[in-house]
Amino acid sequence: MLAGTQPLVAGGTDEEQSMPVPGAVPVLSAETSELDQPEVRVGEKLDPETAFGPAVIESMDQVMERERANPSPTHNRKTRNGAQGSWAVPSTRSSFHAHSGDHYLINKWGDTLMGIEFQREVDFTGAWIAGHAASSLWADGVRFIGYRGSERVGESPWLENLKYDASWLAADFERVDRLEVEARAVYQGGGWYALDDLTFEERPASAFESSRQVVIDFDDLSYNTRVSGSGYAGLVWPVGTGDFDREVFVVHPPVTPPGAEMDDIGADSTAMNSFFGGNGTAPTMTNSFAGPKLGDAGAGWLPPDTCGSVGPDHFVAVVNQNLSVYDKVSGSRLVNTGLANFWGTGSSAGDPRAVWDPHSQRYFIIATDFNTRLWFAMSLTDDATGSWFKTSINLSQGSDSGHWPDYPTLGVDANGVYSASYMVGSGSPMSLFAIDKAPLVDGSPNLGTVTAFRGLPWEGAIQPCVTYGNPGRAYCVSRRSSTTMRLRYVQGPMNNPTLVEVGNPTIPNHSGPPNAPALGSVAPLDALDWRPMNAVYRNGSVWTTHGVNSGGRAACRWYEFDASSATTVQSGTVNDSSMNYMIPSIAVNADDAVVVSFSGSNASTYGSSYFAGRTASDPLGQLSDPVLLKAGNAPYNTVDSSGVNRWGDYSLTSIDPDDDTTLWTIQEHTRSEDVWGTRIAKLEFPIECDDPVNYCLALSNSVGPGASISHIGSASLSANDLQLSVSGLPIGTTGLIYYGPNQIAVLFGDGLRCVGGGVIRLSPIQSDIFGFVNVALDLTSAPFDAGPGAAIVGETKNFQHWYRDPTFGNSGYNLSDGLSVTFCP
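Residues numbered from 1 in each chain as written. Predicted model: local features only at pLDDT ≥ 70, side-chain atom pairs only at ≥ 80, totals over all residues. Heavy atoms only, no water.

*Asks:* Looking at this model, I keep getting lost on the overall build of the protein. Mind explaining?
*Replies:* Along its length, the protein carries four helices and 56 strands. Taken over 825 residues, the protein has a buried fraction of 58%. Pairs at least 24 residues apart make up 66% of the contacts formed inside the protein by residues separated by at least 6 positions. Taken as a whole, the protein presents about 29500 Å² of accessible surface, with 49% of it coming from carbon and sulfur. A gap of 5 Å separates the mean positions of the 49 positive and 90 negative side-chain charges of the protein. (Helix = DSSP H or I, 4+ residues; strand = E, 2+ residues; numbered from the N terminus. Buried < 20%, exposed > 50% of the residue type's maximum accessible area, 1.4 Å probe, protein only. Contact = heavy atoms within 4.5 Å. Areas by Shrake-Rupley, 256 points an atom, 1.4 Å probe, with all protein chains shown as cover. Lys, Arg positive; Asp, Glu negative; His and termini not counted. Charge placed at Lys NZ, Arg CZ, Asp CG, Glu CD.)

Structure, rendered in structure tokens:
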């Protein structure tokens, strides 16, 4: 089912107004819904000498030659790859309940044999142990083994039936200098647990000293900190030595900064101020074909980071770390290459994004090297199989020096290309980058001015809009709090742009989505968090979508914001009493029809893909009920080092430039056991055509008040079922239907001529014994297929019947009234 809300005004609760906001960004007044003093940031121009990498223009044929000569690997070279587990503080979004404070250690990858070395003899008392990650991954048991030198001097009991809340595991070993923490495996040779408040007594060095109790609670560490190899607390923390059943290749999840407010992830947001719906209009899936899958060139990473966009002839898909180009009609794959070979660098190219730019009629692709650089590419034409301009931009400069870009986003408008990243590093927030598009699309493409807006507060993701039309600014959206979003825009000129705060639209209260159970999965699928997944600007509105919690299940929330006033026009929630829906994306066509596409699963459903839609005339806040795009085929178990079953991290839905109304999406599903696949689908809304309209007057003839023209069928070019009928004619008389662009009313013969301009005559036809004629129009054939008589979407043609009537009046001929037809798709 779906939930929606009526329009909301900007602002926030009194509690939120009093909260300090990072980055000194002014907040909205709850009374005025206005920014008291809108902040305007001046950016920092990147130095081309140090920031811009080498640029190259090369054809896709050259890329494929490189791919054939040096095939892309199909696994991630930056994950475990045979390495053992390590002691680490989990990331914010992977943390559960510490026994005390906020932090604890886990055995990454579920390594079943971890060690701790004291470097002196101590009396080891014990520690608090809990389950970590999904309960199906919790170790079947944990125990301590104490050593003095090489001598094994003690074993604790097994702590079984682990819980979310920690339990004390006593050891009471005397004079040990080393521990082994042994766990029983439950999944692929691993079993996960949490260790907190490690407790021991330091033995006195002489008879004049007393022993001292030490409790290591790990609260002086930050989230996502590796402890193995660090010498933390004066101890040695070796890597693990347990055995694993098989290899797993997983790229890191989106990084969150230490202390980021992620505590609401998985908390039920039952007070969403929403009503249940499902009264929207669903589009029809008119074409679909398989997209990239695990095992394609370069595509050995988990999760896929599903993304792709449609152009005039092709669909361009990018996933970790593959680029594929498809013929959008046949679904044939024309290009299949690793992203490292596409850029020709041999370096990592993850978290990829691709969009079609409706302004320059080109594709743009970005990715990160997870080090310093943003890879950047632009097609030279609308042909994705042709030549591309490629380069890179060093983002790790200025206050971001020493930090690396994670989870980069991508948007475009008439003047620029925009990308934002969390610049990972100690105390570092987010940065937004504005790239002047003019030098890219001239005859000799090159990078022009690139401006960085640094020091923005961390809000999961800043999503620049894919902009349709030209509002004169590039809007961006991020999630400010559980009840507000944040709107900004980049204002040109692009050689000296500024970043302006628009406001903080109020939204229904929410929390982040819980992970999603799936049939056959030992751990639920990762639903990520509440960050916006993509954004679109169209007809004065900014649209976005993200994941939320609804009744303890993952759900997809979407919004329309008025861009100028920063108010919420409408919002809705795609949810269900049993299904989980996550990783959504949104697109809006020229008719303001909306599609939200997403993944879905539950305990009896494999990871699958879905879509829902609405037209502009549907009630506010309403989408259709979800429609199945592609059913999953098998269980999916791709657990990472923290015990998370990786899925996502995003998807994309886009607009076909051929008609600006057809929508396309690329979504993830389980292709086979533990193998992700993607599906590319074409979505079209039901055709809504205006009925033809009569105009002008028919004058009387020899048999009555005059001849009348009417229609059967519709004005739809795709339906091609329009028939014209004329009644009230003299029996057995010859006539013809003619048409033209203009409406007139002048005396002609014994009637009124109602059609003017350059007219087109159809073949003569004779009325039947009832004084009736019927003509079926084939809009795919002459004269309707080309030239001045062509039937074109949005254009109006006016039709009239001329006929002979020799026994009436002075002229011997007459005309019917007129019929105005406006053609639609």
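*Asks:* Just to check I follow, could you spell out the state of the cysteines for this structure?
*Replies:* Disulfide: a covalent bond connecting the sulfur atoms of a pair of cysteines. Applying the stated criterion to the full structure yields two disulfides. There is a disulfide in this structure between Cys 689 and Cys 824, and the S-S distance comes to 1.4 Å. On the sign convention where negative is left-handed, the bridge of Cys 689 and Cys 824, at about 55 degrees about the S-S bond, is right-handed. Taken as a pair, Cys 689 in the loop between strand E45 (675–684) and strand E46 (693–695) and Cys 824 in the segment after strand E56 (813–822) lie far apart in primary sequence, 135 residues in all. Overall, Cys 824 belongs to the buried group, its relative accessible area being 7%. The partner cysteine of Cys 696 in its disulfide is Cys 754, sulfur to sulfur 2.1 Å. Where Cys 696 bonds to Cys 754 through sulfur, the torsion about that S-S bond is close to -75 degrees, and the disulfide is left-handed. In this pair, Cys 696 sits in the loop between E46 and strand E47 (708–712) while Cys 754 sits in strand E51 (residues 751–756), placing the two residues 58 residues apart along the sequence. Classification of Cys 696 by relative accessible area gives partly exposed; the value is 26%. The class for Cys 754 is buried, based on a relative accessible area of 0%. (Disulfide = S-S within 2.5 Å.)

*Asks:* What's the story with the pattern of salt bridges in this structure? I'm lost.
*Replies:* Side chains that differ in sign of charge can pair as their charged atoms come close. Inspection of every chain in the model, using the stated rule, returns 27 salt bridges. Glu 501 is the salt-bridge partner of Arg 488, the closest N and O atoms lying 3.0 Å from each other. Placement of the pair is Arg 488 in strand E33 (residues 485–491) and Glu 501 in strand E34 (residues 498–503), with a sequence separation of 13 residues. Exposure class is identical for Arg 488 and Glu 501. Each is buried. For the salt bridge of Arg 646 with Asp 526, the shortest nitrogen-to-oxygen distance reads 3.5 Å. With a gap of 120 residues between them, Arg 646 in the loop between strand E42 (627–630) and strand E43 (652–655) and Asp 526 in the loop between E34 and strand E35 (534–538) connect regions that are remote in the sequence. Asp 526 matches Arg 646 in its accessibility class, with the two residues each being buried. Each of Arg 143, Arg 152, Glu 155 and Glu 182 takes part in one network of salt bridges that share partners. (Salt bridge = Lys/Arg side-chain N within 4 Å of Asp/Glu carboxyl O.)

*Asks:* Just to check I follow, could you spell out the environment of Ala 367 for this structure?
*Replies:* Summarising the element assignment, Ala 367 is placed in strand E22 (residues 362–368). We classify Ala 367 as buried; its relative accessible area is 0%. Here the alpha-carbon distance between Ala 367 and Asn 320, two residues 47 residues apart in the chain, equals 9.3 Å. Beyond its immediate chain neighbours, meaning those up to four positions away, Ala 367 contacts Trp 343, Ala 349, Gly 350, Asp 351, Pro 352, Arg 373, Leu 374 and Trp 375.

*Asks:* Any chance you could explain the nonpolar core here in plain terms?
*Replies:* Across soluble globular proteins, you tend to see nonpolar side chains buried next to one another. Counting residues in hydrophobic clusters, the biggest one holds 76 residues, and the most contacted among them are Phe 342, Trp 343 and Ile 365. When neighbours within four sequence positions are excluded, Phe 342 is seen to be in contact with Glu 58, Met 60, Val 63, Arg 66, Leu 323, Thr 337, Ile 365, Ala 377, Trp 388 and Lys 390. Residues Val 89, Phe 124, Leu 162 and Val 176 belong to the second largest nonpolar core, which totals 35 residues. (Core = buried A, V, L, I, M, F, W, Y, C linked by side-chain atoms within 4.5 Å.)

*Asks:* Looking at this model, I keep getting lost on the sheet that holds strand E2 (residues 40–42). Mind explaining?
*Replies:* Consider a sheet: its strands pair through backbone hydrogen bonds, and that pairing is either parallel or antiparallel. Overall, antiparallel pairing links the five strands, which are arranged E2-E34-E33-E32-E30 in an open sheet. Looking at which strands have only one partner, the edges of the open sheet turn out to be E2 and strand E30 (463–464). Two elements, E2 and E34, share three bridges in a ladder whose sense is antiparallel. Note on E34: the bridge partner recorded for Arg 41 is Leu 499. (Pairing = 2+ DSSP bridges.)

*Asks:* I tried to follow the sheet that holds strand E4 (residues 56–59) on my own but got confused; where do I start?
*Replies:* Strand order in the open sheet formed by five strands is E4-E24-E23-E22-E21, with antiparallel pairing between adjacent strands. The open sheet has two edge strands with one neighbour each: E4 and strand E21 (350–357). For this sheet, the mean angle separating the axes of adjacent strands, direction not counted, is 20 degrees. Bridge analysis of E4 against strand E24 (residues 387–394) gives four bridges, and the strand direction is antiparallel. Its bridge partner lying in E24, Ile 57 is registered against Phe 389. The strands touched by helix H3 (residues 60–69) are E4 and E24; relative to E4, the strand with the most contacts, the crossing angle is about 80 degrees. (Axes fitted to C-alpha atoms, helices over the stretch in contact; angles between N-to-C directions.)

*Asks:* Explain H3 to me, please; I cannot follow it from the model alone.
*Replies:* Residue pairs spaced three or four apart in an α-helix point in one direction, given the helix's 3.6 residues per turn. Inspection of H3 places Met 60, Val 63, Met 64 and Glu 67 among the buried residues, and these make up the whole buried set. Buried residues in H3, looked at end-on, bunch into an arc of 95 degrees, giving them a common side. Among the exposed residues of H3, those pointing more than 90 degrees away from its buried face are Asp 61 and Ala 69. Where H3 is buried, its residues touch E4, strand E19 (322–327), strand E20 (333–338), helix H4 (339–343) and E24. (Arc of directions from axis to C-beta.)

*Asks:* I keep staring at the packing of aromatic side chains and nothing clicks. Help me out?
*Replies:* The final tally for this structure, using the stated rule, is 37 aromatic pairs. Where Phe 364 meets Phe 376, the ring centres are 5.9 Å apart and the plane angle is 55 degrees; that geometry is what we call tilted. With Phe 364 in strand E22 and Phe 376 in strand E23 (residues 373–379), this residue pair connects regions lying twelve residues apart in the sequence. Like Phe 364, the residue Phe 376 is buried in the burial classification. Through a chain of ring-to-ring contacts, three or more aromatic side chains come together here, namely Phe 342, Trp 343, Trp 356, Tyr 363, Trp 375 and Trp 388. Over the aromatic face of Tyr 147 sits the side chain of Arg 178, whose NZ or CZ is 4.1 Å from the ring centroid. Positioned above the aromatic ring of Tyr 489 is the side chain of Arg 473, whose terminal nitrogen or guanidinium carbon lies 4.0 Å from the ring centre. (Phe/Tyr/Trp six-rings, centres within 6.5 Å; stacked < 30°, edge-to-face > 60°. Lys NZ or Arg CZ within 6 Å of the ring centre and 35° of its normal.)

*Asks:* What's the story with the pairing of strand E40 (residues 594–602) in this structure? I'm lost.
*Replies:* Here is the key point about a regular strand: its side chains alternate between the two faces of the sheet. Counting buried residues along E40, nine of its nine residues qualify, which places the element largely inside the surrounding structure. Both faces of E40 are covered, namely the face carrying Val 594, Val 596, Phe 598, Gly 600 and Asn 602 and the face carrying Val 595, Ser 597, Ser 599 and Ser 601. As paired strands, strand E39 (residues 580–588) and E40 are joined by seven bridges and run antiparallel to one another. Considered in E40, the bridge of Tyr 581 is made with Gly 600. Hairpin geometry of E39 and E40 is characterised by an intervening segment of five residues between the two adjacent antiparallel strands and by a positive phi of about 60 degrees at Asp 592. Across eight bridges, the pairing between E40 and strand E41 (residues 605–614) is antiparallel.

*Asks:* When you look at the pairing of strand E11 (residues 167–183) in this model, what are you seeing that I'm missing?
*Replies:* Here eleven bridges tie strand E7 (residues 113–131) to E11, and the two strands are oriented antiparallel to one another. Bridging across to E11, Phe 124 finds its partner in Phe 173. In terms of strand pairing, strand E8 (residues 141–148) meets E11 through six bridges, oriented antiparallel. If you follow Ile 145 over to E11, its bridge partner there is Glu 180.

*Asks:* Looking at this structure, how should I read the environment of Arg 679?
*Replies:* By the secondary structure assignment, Arg 679 is in strand E45. Between the alpha carbons of Arg 679 and His 669 there is a distance of 7.6 Å; along the sequence they are ten residues apart. For Arg 679, the residues in contact, after removing those within four places along its chain, are Ser 288, Phe 289, Ala 290, Gly 291, Leu 629, Lys 630, Thr 665, Ile 666, Gln 667 and His 669. Among the polar contacts listed, one links the side chain of Arg 679 to the side chain of Ser 288, at a separation of 3.3 Å. (Polar contact = N/O pair within 3.5 Å; in protein donor to acceptor, adjacent residues only side chain to side chain.)

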